[in-house]
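Commentary on secondary and tertiary structure
Below are the chains, spelled out letter by letter.
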Amino acid sequence: MATASIFMSATPESLWLHRPKQNPRARLRMFCFPYAGGAAPIFRAWPEWLPPTVEVCPVQLPGRGARIAERPRTSVEAIVRELTPALLPCLDLPFVFFGHSMGAILAFEMTRRLWREYGMRPEHLFVSGRRAPQLAAPGPPTYGLPEPLFRAELRRLNGTPREALEHPELMELMLPILRADFSVTQTYAYAPGPPLDCPITAFGGLQDGEVPRESIAAWREQTAAAFVLRMLPGDHFFLNTARQLLLPSIARELTQTI
């Protein structure tokens, strides 16, 4: 099946994957999983920073973008289960996964599922801004807080722009998505299993008070292959503020993979 036909399909499953640009030169696909509240456009500029033979394929979760009318999913298991059939036809090239925060757990569990059920694995797993999955959550869940307390938590985390927090109509749309995504991360229950056999590179923010260096370093336990830890300047959303350091680092790793 031609690459173009895979992504231009009108099937519902095709909504899970979004390509800003088609890349007929692609020798490797990079599937990118967003953080809580994030959508595919956060990866819009990534192709400009990565090797020209890499095709960036952001995952578009229900409830945002073209899927705004859909109910957001509230668990890792539901997202991974529904995403799998959409992903499988696109794994006809070597591939890697990248995930930030919530996306790191989605990428990790998708890697486990593909290996366990299909004998397939990414060439590399990039995880970012998320403690290792075997570590317990640092505090009580917040996804069910009353609205004023939930909004205060969003302000504390500094991931939602102030303009959005002060825009009633926008927040009316965003709050159900954010609550669902927080549920995804806060109800996640790690099931012990054998380490992966693909390399893992884990990124953390030097000023991230939510995810300290040692919790990022603990990803080492999740692979029997190579492991690299890279700490970058910035808080939990260094993904956006330290892009000029993050993406060249990923590009160097991909150049060795292709």
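Look up a bit, the structure's there.
Residues numbered from 1 in each chain as written. Predicted model: local features only at pLDDT ≥ 70, side-chain atom pairs only at ≥ 80, totals over all residues. Heavy atoms only, no water.

1. Here we look at the overall build of the protein chain
If you tally the helices and strands in the protein chain, you get nine helices and six strands. Since a compact globule built from 258 residues should have a radius of gyration of about 18 Å, the 17 Å found for the protein chain is in line with a globular shape. Considered along the principal axes of its C-alpha atoms, the protein chain spans approximately 50 × 40 × 35 Å. Classification of the 258 residues of the protein chain by burial places 52% in the buried group. In the protein chain, the proportion of contacts linking residues at least 24 apart, taken out of those at least 6 apart, comes to 79%. By element, 56% of the accessible surface of the protein chain is carried by carbon and sulfur atoms, the whole surface being about 11900 Å². Taking the average location of the 27 positive side-chain charges in the protein chain and that of its 24 negative ones, the two points are 3 Å from each other. (Helix = DSSP H or I, 4+ residues; strand = E, 2+ residues; numbered from the N terminus. Rg over C-alpha atoms; globule rule 2.2 N^0.38 Å. Buried < 20%, exposed > 50% of the residue type's maximum accessible area, 1.4 Å probe, protein only. Contact = heavy atoms within 4.5 Å. Areas by Shrake-Rupley, 256 points an atom, 1.4 Å probe, with all protein chains shown as cover. Lys, Arg positive; Asp, Glu negative; His and termini not counted. Charge placed at Lys NZ, Arg CZ, Asp CG, Glu CD.)

2. Points about the nonpolar core
Ranked by size, the top nonpolar core spans 48 residues in total, and within it Phe31, Phe33, Phe97, Leu125 and Trp219 carry the most contacts. The element contributing the most residues to this core is helix H3 (residues 102-118), with eight residues. When near neighbours in sequence (up to four residues on either side) are disregarded, phenylalanine 97 contacts Phe31, Phe33, Leu87, Ala107, Met110, Thr111, Leu114, Pro122, His124, Leu125 and Phe126. Ranked by size, the runner-up nonpolar core spans 24 residues in total, among them Leu28, Val54, Val56 and Leu254. (Core = buried A, V, L, I, M, F, W, Y, C linked by side-chain atoms within 4.5 Å.)

3. What about the environment of arginine 27?
When you line up the elements, arginine 27 lands in the loop between helix H1 (3-8) and strand S1 (28-33). Residue arginine 27 is classed as partly exposed on the basis of its relative accessible area of 49%.

4. Observations concerning the sheet that holds strand S3 (residues 95-100)
One open sheet holds the six strands; their spatial order is S2-S1-S3-S4-S5-S6, and the pairing between them is parallel. Looking at which strands have only one partner, the edges of the open sheet turn out to be strand S2 (54-58) and strand S6 (227-232). Each neighbouring strand pair of the sheet contributes to a mean axis angle of 15 degrees, computed without reference to strand direction. Pairing geometry for S3 and strand S4 (residues 125-128), over four bridges, is parallel. Paired with phenylalanine 98 across the two strands is phenylalanine 126, which belongs to S4. Set on the sheet, H3 makes contact with S1, S3 and S4; between it and S3 the angle comes to about 145 degrees. (Pairing = 2+ DSSP bridges. Axes fitted to C-alpha atoms, helices over the stretch in contact; angles between N-to-C directions.)

5. Regarding the packing of aromatic side chains
Counted under the stated rule, the structure contains eleven aromatic pairs. Here the aromatic rings of phenylalanine 150 and phenylalanine 182 are separated by 5.3 Å at their centres, their planes lie at 65 degrees, and the arrangement is edge-to-face. Of this pair, phenylalanine 150 sits in helix H4 (residues 147-157) while phenylalanine 182 sits in helix H6 (residues 168-186), and the two are 32 residues apart along the sequence. For phenylalanine 150, a relative accessible area of 0% puts it in the buried group. Through a chain of ring-to-ring contacts, three or more aromatic side chains come together here, namely Phe31, Phe33, Phe95 and Phe97. The ring of tryptophan 16 has arginine 67 sitting right over it, with the charged end atom 4.3 Å from the ring centre. The ring centre of phenylalanine 150 lies 4.4 Å from the NZ or CZ of arginine 179, which sits over that ring. (Phe/Tyr/Trp six-rings, centres within 6.5 Å; stacked < 30°, edge-to-face > 60°. Lys NZ or Arg CZ within 6 Å of the ring centre and 35° of its normal.)

6. What about the environment of glycine 193?
Looking at the secondary structure, you find glycine 193 in the loop between H6 and strand S5 (200-205). For the pair glycine 193 and glutamine 207, spaced 14 residues apart in sequence, the C-alpha to C-alpha distance is 31 Å.

7. Some points on the packing of H4 against H6
Remark: H4 packs on H6, axes separated minimally by 12 Å, with the N-to-C direction vectors making an angle of 80 degrees. Considering the angle they form, H4 stands roughly perpendicular to H6. Residues Glu147, Phe150, Arg151, Glu153, Leu154 and Leu157 of H4 lie in contact with H6, whose contacting residues are Met171, Leu175, Leu178, Arg179 and Phe182. Its residues assigned to classes, the contact of H4 with H6 shows seven nonpolar, no polar and four charged. (Parallel < 35°, antiparallel > 145°, perpendicular 65-115°, else oblique. Nonpolar A, V, L, I, M, F, W, Y, C, P; charged D, E, K, R; others polar.)

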